[in-house]
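Chain by chain, the residues:
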Amino acid sequence: MIPKLHDQKTKYDQAAISDYVLRHTKEHPASKKLREVTMQHKHSMMLVSADESRFFGQLVRILGAKKCIEIGTYTGYNTLSVALALPDDGKVIACDVVEAFPNIGKPFWKEAGVEHKIDLRIQPAEKTLDDLIANGETGTFDFVFIDADKPGYDAYYEKSLQLLRPGGVIALDN
Ligand SMILES: C[S@@+](CC[C@H](N)C(=O)[O-])C[C@H]1O[C@@H](n2cnc3c(N)ncnc32)[C@H](O)[C@@H]1O
């Protein structure tokens, strides 16, 4: 089961945190273009916020990550942030069920020169996680971002725990 994520009594100054992240991180020009294109899309409410995505890019760098998973890719804005933060031989497994969504992002992945780091899998994410486990990749991933259909979260979390290396990080978008 997913543990309780935060204490309702805890107060966060979200504006200050967002401002800090935006002041201390950069957005790649291709990411900026993809974000602007995605904001015109009819499902743009699914797009991660720029501060969240730039924070994840920084986290991937701090972790020294080489293997990541994005569960719920949409147009691939966060996938691009993660790919930009990975070393040249790093990989992000990008999961989605709607091929048309990441097709919007692909030209921007290419423009940023990171398309070779993105392994897009169009099928239910649970199947992709099962494939990775069956392929012997248990305990090898550094970072997993869960941001897809909410009923799937428990399964994504449990399978991600298997795939994660000791000290790896799972982030969940609510
Ligand atoms: C909130 S959006 C992801 C936003 C994305 N992380 C970003 O950077 O903007 C959720 C995505 O999950 C995808 N999705 C829904 N059900 C899924 C499933 N069973 N397996 C994989 N992806 C799924 C949707 O098609 C949608 O693109």
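Scroll up to find the structure this text is about.
What comes next is a walk through the structure. In this text the structure is predicted, and so the values were computed from the model without any measurement.

This part takes up the overall build of the protein chain. Helix and strand counts for the protein chain come out as 7 helices and 5 strands. Listing each helix as α and each strand as β along the protein chain from the N terminus yields α-α-α-β-α-β-α-β-α-β-α-β. Over its C-alpha atoms the protein chain spans a radius of gyration of 15 Å, differing by no more than 12% from the 16 Å that the globule rule assigns to 174 residues. Burial status across the protein chain gives 44% buried among its 174 residues. Considering only residue pairs separated by 6 or more positions, the protein chain has 75% of its internal contacts joining residues 24 or more positions apart. As presented, the protein chain carries roughly 9300 Å² of accessible surface, and 56% of it is formed by carbon and sulfur atoms.

Below, the discussion takes up the nonpolar core. Counting 28 residues, the largest nonpolar core has Val60, Cys68, Leu80 and Phe143 as its most contacted members. Of all elements in the fold, only helix 2 (29-39), helix 3 (50-63), helix 4 (77-85), strand 2 (91-96), helix 5 (100-111) and strand 4 (141-146) reach the threshold of two or more residues within this core. Residue contributions to this core peak at 5 residues, all from helix 4.

Below, the discussion takes up the pairing of strand 5 (residues 164-172). Of the strand pairs in this sheet, strand 4 and strand 5 are connected by 5 bridges, and their pairing is parallel. In the strand pairing of strand 5, Phe141 is matched with Leu164. Note that the unit made of strand 4, helix 7 (residues 153-163) and strand 5 has a crossover that is right-handed.

This part is about the pattern of salt bridges. Counted under the stated rule, the structure contains 11 salt bridges. The closest approach of N and O atoms between Lys159 and Glu126, which form a salt bridge, is 3.9 Å. Pair noted here: Lys159 is in helix 7 and Glu126 is in helix 6 (residues 125-134), with a separation of 33 residues, a long-range link. Glu126 gets classed as partly exposed once you look at its relative accessible area, which sits at 34%. In this structure, Asp130 engages Lys159 in a salt bridge whose closest nitrogen and oxygen atoms are separated by 2.8 Å.

Turning to the site of the ligand, a few remarks are in order. Taken together, 19 residues lie near the ligand, and Glu70, Gly72, Asp96, Ala125 and Asp147 sit nearest. Tyr74 places a main-chain nitrogen or oxygen 3.3 Å from an oxygen atom of the ligand. Ala125 is positioned with one of its backbone polar atoms (N or O) 2.9 Å from a nitrogen atom of the ligand. Alone, the ligand offers 600 Å² of accessible surface; in the complex the protein occludes 88% of this. Taken atom by atom, the bulk of the ligand overlaps the second largest pocket. Residues of the shell around the ligand, tallied by class, amount to 12 nonpolar, 3 polar and 4 charged.

Rules used in this analysis
- Residues numbered from 1 in each chain as written.
- Predicted model: local features only at pLDDT ≥ 70, side-chain atom pairs only at ≥ 80, totals over all residues.
- Heavy atoms only, no water.
- Helix = DSSP H or I, 4+ residues; strand = E, 2+ residues; numbered from the N terminus.
- Rg over C-alpha atoms; globule rule 2.2 N^0.38 Å.
- Buried < 20%, exposed > 50% of the residue type's maximum accessible area, 1.4 Å probe, protein only.
- Contact = heavy atoms within 4.5 Å.
- Areas by Shrake-Rupley, 256 points an atom, 1.4 Å probe, with all protein chains shown as cover.
- Core = buried A, V, L, I, M, F, W, Y, C linked by side-chain atoms within 4.5 Å.
- Pairing = 2+ DSSP bridges.
- Right-handed = clockwise from strand over helix to strand, strands pointing away.
- Salt bridge = Lys/Arg side-chain N within 4 Å of Asp/Glu carboxyl O.
- Near = heavy atom within 4 Å.
- Polar contact = N/O pair within 3.5 Å; in protein donor to acceptor, adjacent residues only side chain to side chain.
- 1 Å grid on protein atoms, 1.4 Å probe; cavity = no way out; pocket = protein on both sides within 12 Å on 5 of 7 lines; lining within 4 Å.
- Sits in = over half its atoms within 2 Å of the grid points.
- Nonpolar A, V, L, I, M, F, W, Y, C, P; charged D, E, K, R; others polar.

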